[in-house]
Amino acid sequence: TCGLVIAHRNPAPEALVSLVGTVPIWEDTHEVDNLGMRTATSGRRQHQFRVDPNLIRQLPRGHVILLDSGHYLYCAVARIE
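Everything quoted here is computed from the prediction, not taken from an experiment.

(A) Quick look at the overall build of the protein. Counting its secondary structure elements, the protein contains two helices and five strands. The secondary structure elements of the protein, listed N-terminal to C-terminal, are β-α-β-β-α-β-β. Along the longest, intermediate and shortest principal axes, the C-alpha atoms of the protein span 60 × 30 × 20 Å. In the protein, which comprises 81 residues, the share counted as buried stands at 17%. Of the contacts made within the protein by residues no fewer than 6 positions apart, 47% connect residues no fewer than 24 positions apart. As displayed, the protein has an accessible area near 6,300 Å², and 53% of this comes from carbon and sulfur atoms. Side chains of the protein carry 8 positive and 8 negative charges; the gap between the two charge centres is 7 Å.

Encoded structure:
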């Protein structure tokens, strides 16, 4: 473990979000015919990052994500002029 990490906007955040881990989710798959009618449904359990990597890719200026051993917090830092 590495303790608290402050994540600013980053184009490749996968290594950062992996610090707080994943959560299991159920993902559904639907097969449809030419008319859009559902003909089959299936699903599988998979893992999803606890923090969406796109959140870190798109952080606005002055915003950060604090990452620490399984937990995260979205923060906005006030500008002082």
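(B) Quick peek at the nonpolar core. If you look at the biggest cluster of nonpolar residues, it comprises ten residues: Val5, Ala7, Leu16, Val17, Val20, Val51, Ile56, Leu59, Ile65 and Leu67. Sorting the residues of this core by element identifies strand E1 (5-7), helix H1 (14-17) and strand E4 (63-68) as the ones contributing at least two each. Contact partners of Ile65, with chain neighbours within four places excluded, come to Val5, Ile6, Ala7, Leu55, Ile56, Leu59, Tyr72, Leu73 and Tyr74.

(C) How the structure looks around the pattern of salt bridges. By the definition in use, this model includes two salt bridges. A salt bridge links Arg57 to Glu14, with the shortest nitrogen-to-oxygen separation between them at 2.4 Å. Of this pair, Arg57 sits in helix H2 (residues 53-57) while Glu14 is found in helix H1, placing the two residues 43 residues apart along the sequence. Arg57 sits in the partly exposed class, given a relative accessible area of 30%. Glu27 is the salt-bridge partner of Arg44, the closest N and O atoms lying 3.4 Å from each other.

(D) Highlighting the environment of Leu66. Inspection of the secondary structure assignment puts Leu66 in strand E4. Separated by 62 residues in the primary sequence, Leu66 and Leu4 place their C-alpha atoms 6.8 Å from one another. Aside from chain neighbours lying at most four places away, what touches Leu66 is Leu4, Val5, Ile6, His71, Tyr72, Leu73 and Cys75.

(E) Inspection of the sheet that holds E1 at higher detail. Spatial strand order, E1-E4-E5: three strands in an open sheet with antiparallel pairing. Either end of the sheet is taken by a strand with one partner, and the two such strands are E1 and strand E5 (71-76). Neighbour-to-neighbour, the strand axes of this sheet turn through a mean angle of 25 degrees, independent of strand direction. Where E4 lies against E5, six bridges are found, and the strand directions are antiparallel. Bridging from a neighbouring strand, Leu67 pairs with Tyr72 of E5.

About the cut-offs
- Residues numbered from 1 in each chain as written.
- Predicted model: local features only at pLDDT ≥ 70, side-chain atom pairs only at ≥ 80, totals over all residues.
- Heavy atoms only, no water.
- Helix = DSSP H or I, 4+ residues; strand = E, 2+ residues; numbered from the N terminus.
- Buried < 20%, exposed > 50% of the residue type's maximum accessible area, 1.4 Å probe, protein only.
- Contact = heavy atoms within 4.5 Å.
- Areas by Shrake-Rupley, 256 points an atom, 1.4 Å probe, with all protein chains shown as cover.
- Lys, Arg positive; Asp, Glu negative; His and termini not counted.
- Charge placed at Lys NZ, Arg CZ, Asp CG, Glu CD.
- Core = buried A, V, L, I, M, F, W, Y, C linked by side-chain atoms within 4.5 Å.
- Salt bridge = Lys/Arg side-chain N within 4 Å of Asp/Glu carboxyl O.
- Pairing = 2+ DSSP bridges.
- Axes fitted to C-alpha atoms, helices over the stretch in contact; angles between N-to-C directions.

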